[in-house]
Amino acid sequence: MSRPEIEVRGLHKSFGDNEVLRGIDLEIGQGEVVCVIGPSGSGKSTLLRCVNLLEEPTKGQVFVGGTEVTDPDVDIDAVRRRIGMVFQQFNLFPHLNVTENLTLPQRRVLGRDKETAARVAAENLARVGLSEKADAYPSSLSGGQQQRVAIARALAMGPEVMLFDEPTSALDPELVGDVLAVMRRLAREGMTMMVVTHEMTFAREVADRVVFMDGGVIVEDGSPDRVIGDPQHERTRHFLSRLLDPAMAEVEEETSDQVGKSEP
Amino acid sequence: MTDTDTALQPKRKGLTRRQKRGLSRGVQYAVFAAAVIAFAVTADWGRLQNQFAQADIAKQMFPDVITLALKNTVLYTLSGFVVGLVLGMVIALMRLSSVGPYRWLAGVYIEIFRGLPALLIFIFVGVAVPLAFPGTEIPGGTYGKVALALGLVSAAYMAETIRAGIQAVPKGQMEAARSLGFSPAKAMVSIIIPQAFRIILPPLTNELVLLFKDSSLVLFLGVTLEERELSKFGRDLASTTANSTPILVAGLCYLLVTIPLSFVVRRMESKAQEAIR
């Protein structure tokens, strides 16, 4: 592994008095797929959003492709062009049709001409299997289709890294598979990916590494077989058991929803 | 079962619910009918017709009432609307700025111009501005003055509308745009503002209707014959003919425009409602 594609050093993030990230160190190599799992409120989405500076870290550094994202003088728009991001709520532009969703950013941000933008858009729509929806408006698409368009929109910018923020959490269960299939293919093609997810099957099967976060720190970091298959920490085991069999969970005094609570 | 039923039901006193409802409705219709009849009987229809509905005087107004007066009203309104829209957009963006003084200035502007009668602003533009800047002319003569006055008035309202529209666009839209590499300004122009305008199209059209009526205040600027709009035109003719028919005709001309516009607004609003559902 040469220099890491994503590097996080001593990252802290607070919202007011609430310290959401308490010292995160993480490296993601080129072509690596890392799934970040953990209970809600554990800071995993915040960590992801710090990587492209949608959240400004309170302390610490983030490097993407060797450029320091957290440098106050960095051209953040230029850095973000290299980082694709997919949101839980898709965030397609509702006033534009599918093709325009893909071409407008290319033209406005990358300055590509009309023909190039249209060609790249068509290629990426084909990549996510939605060529026939090129003229549709987002509101007429299912959640799964919208999310695949959102992935295509990010890919059309030619990113070196892709960030996924719970990409399937807002989807009906039967639509999750299509989105995961697209992501699996992307991983196979060698894209560097950081995925915040609750899809354990996906993490197990596709990820090179799984990171378990709780209470704003990384509790475990290792191969999927180790972290999901044979977790070393009680907190990880607890989280996984609840996730894999929610019906078995007991009523607890403390909820793991809150940051900084220690497990019993 | 029946025993407990009757036991639970309170004894009825007086009217049932249905009877009360019937009575209430009957009273409402009766009051309405009485008001209409009283109006019809007491009004002096002959004199009213004489004063307001003289066919030959009405005829004499055409085609000037359309080709000159209505045309000028529309021109004044549209030019005021454009000035108001541009100025309103600037003020809305200032109001949302991260620079404190911009926000305060925009707030002060909005409070002042929303709080003043439009008439005062017309007088201000017509009298105070030439006094304050001697030798300078507002370009476009009366048209320029009206555009400025109406623009100043409507900008305050439109700024608040536009600001609300921008804030109504979900936060995720800006985040998505920024994550694609849009600068804040580019994201605003290509992603946020187009969506905001969809949201505020009905209230903006309402503003157009208000401006259409406010354009009658041109009356107080002193205009040439060619620059007269509907109200001035109607009033002038009413005084030369000593008859109020021109006022009625001018009024109908206003409605000719405002009623279809209001209809369009209602259509847009119900469509927007459907889109939400």
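Residues numbered from 1 in each chain as written. Chains lettered and ligands numbered in written order. Predicted model: local features only at pLDDT ≥ 70, side-chain atom pairs only at ≥ 80, totals over all residues. Heavy atoms only, no water.

**Q** Talk me through the overall build of chain B; I want residue IDs and the actual numbers.
**A** Counting secondary structure elements, chain B contains twelve helices and zero strands. The order of helices and strands in chain B, counted from the N terminus, is α-α-α-α-α-α-α-α-α-α-α-α. Principal-axis analysis of the C-alpha atoms gives chain B an extent of 90 × 70 × 30 Å. Out of the 277 residues belonging to chain B, those deemed buried represent 38%. Considering only intrachain contacts with a sequence separation of at least 6, the fraction spanning at least 24 residues in chain B is 76%. For chain B, the accessible surface area stands at approximately 16,600 Å², while carbon and sulfur atoms represent 66% of it. Of note, chain B has its 28 positive side-chain charges centred 10 Å away from the centre of its 17 negative side-chain charges. (Helix = DSSP H or I, 4+ residues; strand = E, 2+ residues; numbered from the N terminus. Buried < 20%, exposed > 50% of the residue type's maximum accessible area, 1.4 Å probe, protein only. Contact = heavy atoms within 4.5 Å. Areas by Shrake-Rupley, 256 points an atom, 1.4 Å probe, with all protein chains shown as cover. Lys, Arg positive; Asp, Glu negative; His and termini not counted. Charge placed at Lys NZ, Arg CZ, Asp CG, Glu CD.)

**Q** I'd like a rundown of the UniProt feature "domain: ABC transporter" (unreviewed entry) in chain A, residues and numbers included.
**A** Per the UniProt record, the feature "domain: ABC transporter" (unreviewed entry) sits at residues 6-240 of chain A. Secondary structure content for residues 6-240 of chain A is 38% helix and 26% strand, and the end C-alpha separation is 26 Å. (UniProt positions renumbered as here; feature names shortened; annotations may be inferred.)

**Q** An account of the packing of helix H5 (residues 64-95) of chain B against helix H10 (residues 184-214) of chain B is requested, with residue identities and associated values reported.
**A** Residue and element names in this part refer to chain B. The geometry of H5 relative to H10 is characterised by a closest axis approach of 11 Å and an angle of 140° between their N-to-C directions. Comparing their axes, H10 and H5 come out oblique. Handedness of the crossing formed by H5 with H10: right-handed. Residues Leu70, Thr73, Val74, Thr77, Leu78, Gly80, Phe81, Leu85, Met89 and Leu93 of H5 form the contact with H10, whose participating residues are Met188, Ile193, Phe197, Leu204, Leu208, Leu211 and Phe212. Its residues assigned to classes, the contact of H5 with H10 comprises 14 nonpolar, three polar and no charged. (Axes fitted to C-alpha atoms, helices over the stretch in contact; angles between N-to-C directions. Parallel < 35°, antiparallel > 145°, perpendicular 65-115°, else oblique. Left-handed = near helix turned anticlockwise from the far one by under 90°. Nonpolar A, V, L, I, M, F, W, Y, C, P; charged D, E, K, R; others polar.)

**Q** How would you summarise unusual backbone geometry if you had to cite specific residues and measurements?
**A** In this structure, B:Pro63 follows B:Phe62 across a cis peptide bond, with omega equal to 0°. Along the chain, B:Pro63 turns up in the loop between helix H4 (55-61) and H5. At A:Asn91, a residue that is not glycine, the phi angle is positive and equals roughly 55°. Here A:Asn91 lies in the loop between strand E6 (83-86) and helix H3 (98-110). Even without glycine at this site, A:Glu166 takes up a positive phi of about 45°.

**Q** Can you lay out the layout of surface pockets for me, pointing to particular residues and giving the numbers?
**A** Residue and element names in this part refer to chain B. Here the second largest pocket defines a volume of roughly 400 Å³. Taken together, 17 residues make up the lining of the second largest pocket; nearest its centre are Leu96, Met174, Pro184, Met188 and Ile192. Counting residues per element, the lining of the second largest pocket draws most heavily on H10, which supplies six residues. Partitioning the lining of the second largest pocket into residue classes produces twelve nonpolar, three polar and two charged. (1 Å grid on protein atoms, 1.4 Å probe; cavity = no way out; pocket = protein on both sides within 12 Å on 5 of 7 lines; lining within 4 Å. Points joined across faces, edges and corners; volume = space filled by probe spheres on them.)

**Q** So what's going on with the interface of chain B and chain A? Which residues, and what values?
**A** Contacts between chain B and chain A engage 18 residues on the former and 22 residues on the latter. For B:Arg178, the salt bridge goes to A:Asp77, with nearest N and O atoms at 3.2 Å. The interface formed by chain B and chain A contains eight residue pairs in polar contact (both at pLDDT 80 or more). Counting residues per element, the ones that place at least two in the side of chain B that touches chain A are helix H9 (171-179) and H10 of chain B. Across the side of chain B that touches chain A, the residue classes tally to seven nonpolar, seven polar and four charged. (Salt bridge = Lys/Arg side-chain N within 4 Å of Asp/Glu carboxyl O. Polar contact = N/O pair within 3.5 Å; in protein donor to acceptor, adjacent residues only side chain to side chain.)

**Q** Mind laying out the sheet that holds strand E5 (residues 67-68) of chain A, listing which residues take part and the relevant values?
**A** Residues and elements named next belong to chain A. Here we have four strands laid out as an open sheet, ordered E2-E1-E4-E5, and antiparallel in their pairing. Here the strands that pair on one side only, and so sit at the sheet edges, are strand E2 (18-28) and E5. Where strand E1 (residues 6-15) and strand E4 (residues 59-64) come together, five bridges link them in antiparallel fashion. Paired with Arg9 across the two strands is Gln61, which belongs to E4. (Pairing = 2+ DSSP bridges.)

**Q** Tell me about the pattern of salt bridges, residues and numbers included.
**A** Residues and elements named next belong to chain A. Applying the stated criterion to the full structure yields 21 salt bridges over all chains. Taking the shortest distance from any N to any O, the salt bridge between Glu189 and Arg185 comes out at 3.3 Å. Residue class for Arg185 comes out partly exposed when judged on its relative accessible area of 39%. A cluster of three or more residues bridged by salt bridges with shared partners is formed by Glu32, Arg209 and Asp221.

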